[in-house]
Structure formats: C-alpha cells, structure tokens
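# Understanding the architecture of this molecule
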Amino acid sequence: MSADKPRQPAQSTIDDGSRVYFNPAEQVADSTTHGARTPGAFSPGATPADKTDKKVPAKKHTARTGTADTEGLAPDPRDDETAAASQQLQLPAKPPKPHYFGHRQRLRERFLKGGNAALAEYELLELLLCMAIPRGDVKPLAKSLIDRFGNLAGVLTADQTELASCKGIGEAAIAAIKIAEASAQVLSRERAMELPVIASWEQLIDYCRVRLGHRKTEELHLLFLDRKNRLIADECHQTGTVDHTPVYPREVIKRALELHASALILVHNHPSGDATPSRGDIEMTRKIVEAAKAMDINVHDHIIISQAGYNSFKTLGLM
C-alpha cells in the first residue's frame with residue numbers, strides 16, 4: 001500500500017489581517033528619500049491602513065510678534081507695522097525748545113531791515129557777542145555789560161583787563177568788542193579826512209569823541225594837518241594819570257616838522273566828565289602856540305573831550 005502524501009492545507013483567499021504585503025516599487029522609492037518614508041509607503045508588517053497619506057496639519061493662529069512663530073510660518077508684514085507703532089508710542093517726549101530759540105535770527109533780520117535805529121544798544125551788543133559766542137543766550141550778558149560800563153560806547157572803549165573781569169567774557173568776546181571799537185575809529189577818521197578839518201568840524205568832533213571820550217586816563221593827541229588843512233596823522237603824544245598829562249612843547253614841534261605839517265590841533269580828554277579847561281591846560285596851550293609860531297606852524301585849536309561833551313579854546317576865546 002502506497003503511502004499517501006501528506007495533504008497540504010488549502011489556502012484561503014480570505015485576508016484575516018495576518019498576511020504581509022510587499023510592493024517592490026514602493027520599496028525602491030522609499031530608499032531614495034534618505035531613509036524618510038514618503039506618504040503611501042509602508043514597511044513589512046504594516047497594515048493597509050498605513051498606506052493612506054498623512055494630512056498637512058492646519059496652520060495655527062498665534063499672536064503676531066513681528067517674527068516667525070514656532071511652527072516655522074513666514075512673518076506677517078503687518079507685524080512690523082504694529083511693532084513700529086508700539087515703539088513710537090513708547091518714545092520719550094521731546095524737551096521744549098528754549099525761550100531764546102530763533103531770537104538771534106529775528107534780531108539779525110530786524111537790524112538788516114531797520115539798521116541800528118531798530119535796535120536798542122544792548123541788542124546791538126547782543127549781535128556783536130553772537131559772533132564770538134556761537135551758542136546760548138547772550139542777552140543777559142549784553143545787559144550786564146551795559147549796566148557796568150554805562151552804554152555801548154563805554155563797553156567798546158573799556159580796557160581789556162576790565163572786560164576780562166566780567167563773568168562770561170572770554171578772549172573771543174574781548175576781541176570782537178575791541179575790533180568793533182577799532183572799526184568805529186577808522187570809519188570816523190576816514191570821514192574826518194575826506195574834507196578839510198575847518199569845513200568838516202562836526203565830523204572832527206565826532207571822531208575825537210570816539211577816540212577819547214571814554215578813556216579812563218588823560219591822553220594828549222596831536223592832529224597834524226597839511227597846507228589844505230587835511231588830516232595827515234593822529235598820534236597820541238602823552239598819556240598821564242586821571243587828571244594830569246605831562247606835555248613838552250619841544251617834542252610837539254619836533255614831530256610836526258618830521259611830518260611836514262603846516263598846522264595842528266591839540267586834543268585831550270577829561271575822564272572826570274567836566275570839559276572845562278583847567279589852569280594847567282591854558283598854560284600848556286600858550287607855550288605850544290608860542291613854540292609853533294617860531295617854526296611857522298599854525299595851532300588851530302585845543303579841544304577838550306569828555307563823556308558829557310566838549311569845549312574849544314578858540315570858541316571860549318582862550319586862543
């Protein structure tokens with residue numbers, strides 16, 4: 001009796017979930033993605049349910065901060081606008097402009113339109129100080145200088161040592177003040193030289209006031225004239241104390257001969273403010289007139305200048 005072959009169990013066509021499916025095409029595709037499975041690929045042992053593609057998660061709504069969120073989303077352009085507006089709201093308030101802001105420009109415009117008549121003396125001094133002190137309010141300084149020296153002319157003719165003792169005045173301010181004084185003297189001298197002295201007496205007096213009216217010590221100046229009575233030179237001959245200036249007639253005539261002067265005018269100041277000639281003034285003038293006459297030099301006049309005014313020897317009948 002022949003042995004019967006063992007009967008093979010019949011294969012069932014029913015999928016009970018225990019079978020393993022293998023797809024070569026999907027396996028090759030899976031190996032080309034650096035080990036990462038693509039949607040739809042599955043490994044042996046996976047159930048058919050793994051073959052379904054995974055859905056992309058929905059975008060989360062997060063508060064805008066001007067940068068990308070933690071999910072890697074691109075920033076919203078409106079986020080930058082919101083951040084900028086927030087920063088603007090948090091900026092500190094600007095400090096108020098100083099009370100003198102624009103004052104210099106307004107003062108300069110008034111001067112250019114109306115000249116010195118449109119400004120007070122302290123305002124003219126302000127403009128002068130602005131050129132030496134580029135920043136800050138110089139009005140208090142200008143007023144303090146006017147109070148100390150009496151007026152603008154007193155400030156311009158003040159001694160440099162006195163100016164340096166004033167608070168707020170430095171070398172630049174002193175230089176500006178003394179330049180203004182020198183400019184005024186040059187201008188008045190040029191005007192006095194335009195015409196013969198006899199014909200332009202008022203201009204000559206103005207020049208003498210600018211030159212000597214505010215000096216603190218006595219000075220004797222000699223105005224040398226040519227044959228047409230035009231001003232040749234103005235020289236300080238002697239400087240003395242508050243009330244006395246030594247004069248040597250011989251030195252006066254010597255200098256006149258050196259300049260080839262045909263005439264001269266004596267001018268000196270009285271710091272006390274009283275322009276009345278003293279006895280010493282009268283005697284000194286008489287000696288110079290006699291010495292000049294011997295050398296054929298004419299002495300036209302002797303003028304005494306003070307802050308209050310002036311006196312002329314010829315007008316007073318003393319020559």
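Anyway, here's the lowdown on the structure attached to this text. Note that the coordinates shown come from a computational prediction; the quantities given were computed from them, not determined experimentally.

Turning our eyes to something else, we now look at the sheet that holds strand β4 (residues 298–305). Taken together, five strands build an open sheet; the order of strands is β2-β1-β3-β4-β5 and the sheet is mixed. Every interior strand has two partners, whereas the edge strands, β2 (231–239) and β5 (310–312), have only one. Pairs of neighbouring strands in the sheet enclose a mean axial angle of 20°, with direction left out of account. Both strand β1 (residues 219–225) and strand β3 (residues 263–269) contribute to a ladder of six bridges, which runs antiparallel. Note on β3: the bridge partner recorded for Leu225 is Ala263. Sheet strands touched by helix α10 (residues 249–258): β1, β2 and β3. Its angle to β1, the strand with the most contacts, is close to 35°. Lying over the sheet, helix α11 (residues 279–294) contacts β3 and β4, oriented at roughly 160° with respect to β4.

Another point: the packing of aromatic side chains. The full count for this structure, using the stated rule, is zero aromatic pairs. The ring of Tyr122 is capped by Lys143, whose NZ or CZ atom sits 4.9 Å from the centre of that ring.

All right, on to the packing of α10 against α11 then. Across the interface, α10 lies against α11 with an axial gap of 9 Å and an inter-helix angle of 40°. If you check the angle between α10 and α11, you find them oblique. Where α10 crosses over α11, the handedness of that crossing is right-handed. Packed against α10, whose contacting residues are Pro249, Val252 and Ile253, the element α11 presents Lys287, Ile288, Ala291 and Ala292 at the interface. Considered class by class, the residues forming the contact of α10 with α11 number six nonpolar, no polar and one charged.

Our focus in this paragraph is unusual backbone geometry. Of note, the phi angle at Asn229 is positive, near 60°, even though the residue is not glycine. A positive phi angle, near 60°, is found at Asp296, a position not held by glycine. Here Asp296 falls in the exposed class, since its relative accessible area comes to 69%.

Moving on, we come to the nonpolar core. With 26 residues, the main nonpolar core has Leu125, Leu129, Leu145, Phe149, Val155, Ile169 and Ile177 as its most contacted residues. For this core, the secondary structure elements donating two or more residues are α4 (121–132), α5 (139–149), α6 (152–156) and α8 (171–194). When residues in this core are grouped by element, the largest group, seven residues, is from α4. By size, the runner-up hydrophobic cluster in this structure holds 16 residues, among which are Ile253, Met284, Ala292 and Val299.

Here we take up the environment of Arg189. You can see Arg189 is positioned in helix α8. Put simply, Arg189 and Asp206 are 17 residues apart on the chain and 9.1 Å apart in space, counted from C-alpha to C-alpha. Once you skip the residues sitting within four places of it in the chain, Arg189 turns out to touch Tyr207 and Leu231.

Contact geometry for α4 and α5: axes closest at 9 Å, N-to-C directions at 125°. When the interaxial angle is binned, α4 and α5 end up oblique. α5 is crossed by α4, and the crossing has right-handed handedness. Where α4 approaches α5, its residues Glu121, Tyr122, Leu125, Glu126 and Leu129 are matched on the opposing element by Lys139, Leu141, Ala142, Lys143, Leu145 and Ile146. When grouped by side-chain class, the residues that make up the contact of α4 with α5 number seven nonpolar, no polar and four charged.

Moving on, we come to the layout of surface pockets. Which parts of space are left empty comes out when a probe the size of a water molecule is rolled across the atoms. The computed volume of the largest pocket comes to approximately 860 Å³. Residue lining of the largest pocket: 31 residues in total, with Leu152, Ala153, Leu156, Ala184 and Val210 positioned closest to the centre. For the lining of the largest pocket, the secondary-structure elements that each account for two or more residues are α3 (103–114), α4, α6, α8 and α9 (201–212). Residue composition of the lining of the largest pocket, by class: 15 nonpolar, 10 polar and six charged.

Time to look at a nonpolar patch on the surface. Among the surface-exposed residues, Ile282, Leu316, Leu318 and Met319 lie close enough to one another that they form a single nonpolar patch of about 310 Å² accessible area. The topology assignment puts Ile282 in helix α11.

With respect to the secondary-structure elements, His300 resides in strand β4. Once residues within four sequence positions are removed from consideration, His300 is found in contact with Leu225, Asn229, Ala263, Leu264, Ile265, Lys314 and Met319.

Its location among the elements puts Glu181 in helix α8. Glu181 sits in the buried class, given a relative accessible area of 8%. Looking at Glu181, its side chain comes within polar contact range of the side chain of Lys178, at 2.7 Å. Residues contacting Glu181, with those up to four places away along its chain left out, are Leu156, Thr157 and Arg215.

Analysis parameters
- Residues numbered from 1 in each chain as written.
- Predicted model: local features only at pLDDT ≥ 70, side-chain atom pairs only at ≥ 80, totals over all residues.
- Heavy atoms only, no water.
- Pairing = 2+ DSSP bridges.
- Helix = DSSP H or I, 4+ residues; strand = E, 2+ residues; numbered from the N terminus.
- Axes fitted to C-alpha atoms, helices over the stretch in contact; angles between N-to-C directions.
- Contact = heavy atoms within 4.5 Å.
- Phe/Tyr/Trp six-rings, centres within 6.5 Å; stacked < 30°, edge-to-face > 60°.
- Lys NZ or Arg CZ within 6 Å of the ring centre and 35° of its normal.
- Parallel < 35°, antiparallel > 145°, perpendicular 65-115°, else oblique.
- Left-handed = near helix turned anticlockwise from the far one by under 90°.
- Nonpolar A, V, L, I, M, F, W, Y, C, P; charged D, E, K, R; others polar.
- Buried < 20%, exposed > 50% of the residue type's maximum accessible area, 1.4 Å probe, protein only.
- Core = buried A, V, L, I, M, F, W, Y, C linked by side-chain atoms within 4.5 Å.
- 1 Å grid on protein atoms, 1.4 Å probe; cavity = no way out; pocket = protein on both sides within 12 Å on 5 of 7 lines; lining within 4 Å.
- Points joined across faces, edges and corners; volume = space filled by probe spheres on them.
- Patch = residues over 30% accessible without salt bridge, like charges linked within 9 Å, V, L, I, M, F, W, Y side chains within 5 Å.
- Areas by Shrake-Rupley, 256 points an atom, 1.4 Å probe, with all protein chains shown as cover.
- Salt bridge = Lys/Arg side-chain N within 4 Å of Asp/Glu carboxyl O.
- Polar contact = N/O pair within 3.5 Å; in protein donor to acceptor, adjacent residues only side chain to side chain.

Everything listed here is a matter of coordinates, which is why it stays silent on function.
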